[in-house]
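Listed here are the chains, written in short residue letters.
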Amino acid sequence: MSSINRLFKHTFIYGLATVLPRLLTVLLTLLLTEYLPSKTAFGQVSIIFSWIILANVLLTYGMETSFFRFRESENHNKVTSTALLSLLATTLIFATLAFINLDVIANWSGKSAEYWKWVIGILSFDTLMVIPFAQMRAKGQAMKYAVIKMVNVILSVGMTAVFLIWLPDLPAIAQYLPADKVELYFIALMAASAFTLLVVGKIYLRKWEFDAVLWRKMLHYGLPILIAGIAFAINETFDKILLEWLLVDDATAQVGVYTACYRVAVGMTLFATAFKLGIEPFFFSESQSKNATTTYAMITKMFVVLGSVALVTYTVFIDVIKRVIIAEEYWEALDIVPVVLVAYLFFGIYQTLSVWYKVTDRTRYGAWISVFGAVITIGFNIWLIPIIGYMASALTTCAAYGFMMVFSYALGQKHYPIPYDVKNMLLYLFISIAATSFFFYGIREYYGASTWQMYASGTLLAVTVAVFIVAREKNFIKSLLKKS
């Protein structure tokens, strides 16, 4: 099987492993916006998840990427054991200290200790699953990975539905449960995480080989990844936290509305994430190939071509998608969605461009790029939120990821030149972003949301963009299919 073919296959399966669970998570968002008692309650969940994402980065401290890196050059069993033991020890320390200081965390965050005790469990279980899932990806067990991820999300959605909808109406059971539906939601998530850990946890029943020298090398390699991860978490989630801090009226409720509409952009998020899961192991395995740089350039162009068409098409059908993702009372922030879609297109391109510092062990550059992105996120949000509210957070996310994309390209061409087709990629980005803006803020405003004229005009526009790009790239597409 050719390398490109293998990439297509794994990206497709990882895409299913990402898309199908996220589609179920769409139901979860709909459940939460429908059955949580208020926008403020959904805002609380959103803010706690922002802290969860940041904590996940801290608790894994770059060990997953280090695992992929050293698995290529060291004894596989020793790398796996060392990574597992490292995360197991630090997770136990974290859980112990967090439970001891539960009231401190609650007071500092302004969120109930009753929520945090379940969140600590979720964080601990999720951290312990990192290397088991990385092992599956490294071994090419894409289908196994997909099935287990799917089961985890089915459990999360199913148990959330049970806890929020049915159990409160059963007096014999409800008397033993907390009345707060936010707490019930976190209980459901922790139960799903615990079950999934049991499924993948067999890897912990092994002959241990902890190598202190290897561990220090993995920590050293992972430190820039940790810094980059913290910066990424800030870019991804800190806007919700800053919105609560900086907005004056109904801040937590506005966070809920913003987060709900942010999730309407789930399609581009899924596309970028699925691509990342497929290409990360592929980057390392192809790094010694004589045609590596040419292959990397083709992969990036492929992402831009697909992403540009997807951006316009997805935007045309936002008014359909919104109905299956969030309750109607949250639609007021829908204007942020095209901006967030563009932001995630930029982020996906950045991820494909990041190959240069990963395969050359220059991960410190990745850390600096992400840190600069985080500075933009914090600075622009603080400046603009008091002026234009949550639209500031969407525009800032787009600006941060756009900066990271451009900066990574510039540094990469200096340290590890790759023959990207920059001219055509920029052309397709410009056309797709212009078409998206023209449709959503022009055609949609003129004809009105969900009118047949809007859909007819939008469909014609999306088809025109797709035909233009495919016609220009027919030779590239043919060569790609031949390589497959």
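About the thresholds
Residues numbered from 1 in each chain as written. Predicted model: local features only at pLDDT ≥ 70, side-chain atom pairs only at ≥ 80, totals over all residues. Heavy atoms only, no water. Helix = DSSP H or I, 4+ residues; strand = E, 2+ residues; numbered from the N terminus. Rg over C-alpha atoms; globule rule 2.2 N^0.38 Å. Buried < 20%, exposed > 50% of the residue type's maximum accessible area, 1.4 Å probe, protein only. Contact = heavy atoms within 4.5 Å. Areas by Shrake-Rupley, 256 points an atom, 1.4 Å probe, with all protein chains shown as cover. Lys, Arg positive; Asp, Glu negative; His and termini not counted. Charge placed at Lys NZ, Arg CZ, Asp CG, Glu CD. Arc of directions from axis to C-beta. Phe/Tyr/Trp six-rings, centres within 6.5 Å; stacked < 30°, edge-to-face > 60°. Polar contact = N/O pair within 3.5 Å; in protein donor to acceptor, adjacent residues only side chain to side chain. Core = buried A, V, L, I, M, F, W, Y, C linked by side-chain atoms within 4.5 Å. Salt bridge = Lys/Arg side-chain N within 4 Å of Asp/Glu carboxyl O.

Visitor: What is the right way to look at the overall build of the protein in this model?
Guide: Tallying secondary structure elements over the protein gives 22 helices and zero strands in all. Relative to a compact globule of 484 residues, whose C-alpha radius of gyration would be 23 Å, the protein shows 22 Å and is just as compact. Based on the C-alpha atoms only, the size of the protein along its principal axes is roughly 65 × 65 × 40 Å. Counting all 484 residues of the protein, 56% fall into the buried class. Residue pairs in contact within the protein that sit at least 24 positions apart in sequence constitute 84% of those at least 6 positions apart. For the protein, the accessible area works out to roughly 20600 Å², and carbon and sulfur atoms hold 67% of it. In the protein, 37 side chains carry a positive charge and 28 a negative one; their mean positions are 15 Å apart.

Visitor: What is the right way to read helix α15 (residues 318–325) from this model?
Guide: The periodicity of an α-helix, 3.6 residues per turn, causes residues three or four positions apart to be oriented the same way. Within α15, burial applies to Ile318, Asp319, Ile321, Lys322 and Ile325. Across the axial projection of α15, the buried residues extend over an arc of 155°, all falling on one side.

Visitor: Hey, could you run me through the packing of aromatic side chains in this one?
Guide: A ring pair, where both rings are aromatic, is described by two values, the distance of the centres and the angle of the planes. Under the criterion given, the structure shown has 32 aromatic pairs. Relative to tyrosine 185, the ring of phenylalanine 49 has its centre 6.2 Å away and its plane inclined at 40°; by these criteria the two rings are tilted. One end of the pair, phenylalanine 49, is in helix α2 (residues 39–60); the other, tyrosine 185, is in helix α10 (residues 181–200), with 136 residues separating them in the sequence. For phenylalanine 49, a relative accessible area of 22% gives the class partly exposed. Between tryptophan 368 and phenylalanine 372 the ring centres are 6.1 Å apart and the planes differ by 35°, which places this aromatic pair in the tilted class. Of the two residues, tryptophan 368 and phenylalanine 372 both sit in helix α18 (residues 363–388), four residues apart, roughly one turn of that helix.

Visitor: What is the right way to look at the environment of threonine 60 in this model?
Guide: With respect to the element layout, threonine 60 can be found in helix α2. Taking the C-alpha atoms as reference points, threonine 60 and glycine 222, separated by 162 residues in sequence, lie 9.4 Å from one another. When neighbours within four sequence positions are excluded, threonine 60 is seen to be in contact with Leu87, Thr127 and Val130. Within the structure, the side chain of threonine 60 is placed 3.3 Å from the backbone oxygen of valine 57, a separation counted as a polar contact.

Visitor: Please explain the nonpolar core as it appears in this structure.
Guide: Side chains of nonpolar character tend, in soluble globular proteins, to be buried together. Counting residues in each nonpolar core, the largest one holds 160 residues, and the members touching the most others are Ile336 and Val337. In contact with valine 337, not counting residues within four places along its chain, are Cys261, Val264, Ala265 and Ile318.

Visitor: So what exactly am I meant to see when it comes to the pattern of salt bridges here?
Guide: Between side chains of opposite charge, a pair can form when the charged atoms approach closely. The tally for this structure, following the rule as stated, stands at nine salt bridges. Two residues, arginine 444 and aspartate 319, come together in a salt bridge whose shortest N-O distance is 2.7 Å. Placement of arginine 444 in helix α20 (residues 422–447) and of aspartate 319 in helix α15 is noted, with a sequence separation of 125 residues between them. Of the residues examined, aspartate 319 reaches a relative accessible area of 1% and is grouped as buried. Each of Lys301, Asp421 and Glu473 takes part in a single network of salt bridges with overlapping partners.

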